[in-house]
Amino acid sequence: KRALDIITNNIIPNAVVSDLRMPRMDGLELCRSIRNHPNILINLLPIIILSGEDPEIHQSVVESAGAVFLGKPVNNKELRNNIKKLLGMKGETDEA
């Protein structure tokens, strides 16, 4: 909930990385709130949702909400490459 308040009332970030399970508002609810926001600069934010839970259960749900799903533990290189890809930084991703 605090993340959404910061995004909508203060500074709009370049991207959002969130855990799926959080208190008060989970990552999926955060994602849907961002996607439904009337400000186009907010509703088009790139979003990555992280979870240590079974990816087969959550991946399609997270992706249908307009976010990228990454399973935990997250490889730093994979996270960095996904952020760069979402931000349109082509040709700047790390080698696998």
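About the criteria used
- Residues numbered from 1 in each chain as written.
- Predicted model: local features only at pLDDT ≥ 70, side-chain atom pairs only at ≥ 80, totals over all residues.
- Heavy atoms only, no water.
- Core = buried A, V, L, I, M, F, W, Y, C linked by side-chain atoms within 4.5 Å.
- Buried < 20%, exposed > 50% of the residue type's maximum accessible area, 1.4 Å probe, protein only.
- Helix = DSSP H or I, 4+ residues; strand = E, 2+ residues; numbered from the N terminus.
- Contact = heavy atoms within 4.5 Å.
- pLDDT = per-residue confidence, 0-100.
- Patch = residues over 30% accessible without salt bridge, like charges linked within 9 Å, V, L, I, M, F, W, Y side chains within 5 Å.
- Areas by Shrake-Rupley, 256 points an atom, 1.4 Å probe, with all protein chains shown as cover.
- Salt bridge = Lys/Arg side-chain N within 4 Å of Asp/Glu carboxyl O.

**Student:** I keep staring at the nonpolar core and nothing clicks. Help me out?
**Tutor:** Across soluble globular proteins, nonpolar side chains have a tendency to be buried as a group. Ranked by size, the top nonpolar core spans 17 residues in total, and within it Val16, Ile34, Ile47, Ile49 and Val62 carry the most contacts. Contributions of two or more residues to this core are made by helix H1 (2-9), helix H2 (27-35) and strand E2 (47-51). It is H2 that provides the largest number of residues to this core, a total of four residues. In contact with Ile47, not counting residues within four places along its chain, are Val16, Cys31, Ile34, Arg35, Ala67, Val68 and Leu86.

**Student:** Would you mind going over the confidence of the model for the protein with me for this structure?
**Tutor:** A low pLDDT score tells you not to read the predicted coordinates there in detail. Per-residue confidence for the protein gives a mean pLDDT of 85, with 93% of residues at or over 70. Helix H5 (residues 76-86) holds the highest mean pLDDT among the elements of the protein, 93, whereas helix H4 (residues 55-64) holds the lowest, 78.

**Student:** Where do I start with a nonpolar patch on the surface in this structure?
**Tutor:** A contiguous nonpolar patch, built from Ile12, Ile40, Leu41 and Leu44 and spanning about 410 Å² of accessible area, is present on the exposed surface. Residue placement: Leu44 occurs in the loop between helix H3 (40-43) and E2.

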